[in-house]
Structures are given as structure tokens and as C-alpha cells.
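Inside the fold
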Amino acid sequence: MKIKTFTLSIASLAILSLLAACGSKTQAPTQQSSTQQESSSSATTSASQPQASSSQDTAVAQPTNIDGTYTGKDENDQITLVVTGKTGTWTEVEPDGDKEIKQVSFEPENQRVIIGDDVKIYTVNGNQMIIDDMDREASDRVVLTKQ
């Protein structure tokens, strides 16, 4: 009987993890996962649970109001990002004066920003917005300062 319960718990956790990865509401599946882990008779699982919660709380702590105008440079291009709610515009001005404007949309729940067709990761630190490629390679990082 314990083996069946353990197997069902593992299967449930796998399904909840899959739902959390695919769903747009990451908080609800995580809370369900916590409830199932606490109901497990394993002391190790319940002892590790507070650590998992605290790391998730850190990711949720990102500011939700990022409205404003941010400026900075990407290589030699001057960047201006204007944010209103979850959308905005990204304007790149090259040294020769050529200008390119892209539509931007933010997904604060998973800290992603879509600039034109490019999906990137963003974080806000005080008055700075840091935009990284998905691989978080430092050479591709763009740091913008709120005006």
C-alpha cells in the first residue's frame, strides 16, 4: 500500500510540474505541489519545503509597475524603451541615424519580455531594467536606466 501511495505521489508531482511549466499561472500549481509534498510521510520532503518556497518568493518579488521611459545602449545603438502596463515600444537608433521601432510585450509572471520576435528575460533592479537573452550570456546584456 505504501508503494502505491508513493508511486501516486511521484506521478502527481510529475503532472503538477508539467502543468506548472506549461501553464500561465505558475503560482497555483506550485501551491498544489506544496500541499501534496506536505501530505507525504517523508520527513525529508517536508524539511526541504521551506527552502523551495523562499526561492519562489524571490522570483515573485519583481515590481509589477514598470511604467516609464528607459534609455541605454546596445553595442553602438541608442535604445529607448517606453513601457505602459504590459506593452511598450523599443526604439533603436544606429550611429548613422537609421531608426528601428519594435513592439514590446511583458510577461511579469515569468519575467519575459518579447521585443519584436525576440523572447528575452528581464529583471528590474531599482531604476534599472536588465534585459538578457535566454542563455543569459553577459555579452548580450542590455542595461537600461529609467528616466
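Scroll up a little and you will see the structure.
It should be emphasised that the depicted structure is a prediction, and the values quoted were computed from it without experimental measurement.

Attention shifts here to the pattern of salt bridges. Using the criterion set out here, one finds four salt bridges in the structure. Across the salt bridge formed by Lys102 and Glu92, the nearest N and O atoms sit 3.6 Å from each other. Of the two residues, Lys102 sits in strand β4 (residues 99-107) while Glu92 sits in strand β3 (residues 87-93), which places them 10 residues apart along the sequence. A relative accessible area of 12% places Glu92 in the buried class. For the salt bridge of Asp133 with Lys120, the shortest nitrogen-to-oxygen distance reads 2.5 Å. Highlighted residues: Asp133 in the loop between β7 (128-132) and β8 (142-146) and Lys120 in strand β6 (residues 118-125), separated in sequence by 13 residues. Like Asp133, the residue Lys120 is buried in the burial classification. One continuous salt-bridge network, built from bridges that share partners, spans Asp132, Arg136 and Arg141.

The relation between two aromatic rings is expressed through the spacing of the ring centres and the mutual angle of the planes. Across all of its chains, the model carries one aromatic pair by this definition. A centroid spacing of 5.0 Å and a plane angle of 85° characterise the contact between Phe106 and Tyr122, whose relative ring orientation is edge-to-face. Taken as a pair, Phe106 in strand β4 and Tyr122 in strand β6 lie far apart in primary sequence, 16 residues in all. Comparing Phe106 with Tyr122, the two get one shared label, buried.

What counts, and at which threshold
Residues numbered from 1 in each chain as written. Predicted model: local features only at pLDDT ≥ 70, side-chain atom pairs only at ≥ 80, totals over all residues. Heavy atoms only, no water. Salt bridge = Lys/Arg side-chain N within 4 Å of Asp/Glu carboxyl O. Helix = DSSP H or I, 4+ residues; strand = E, 2+ residues; numbered from the N terminus. Buried < 20%, exposed > 50% of the residue type's maximum accessible area, 1.4 Å probe, protein only. Phe/Tyr/Trp six-rings, centres within 6.5 Å; stacked < 30°, edge-to-face > 60°.

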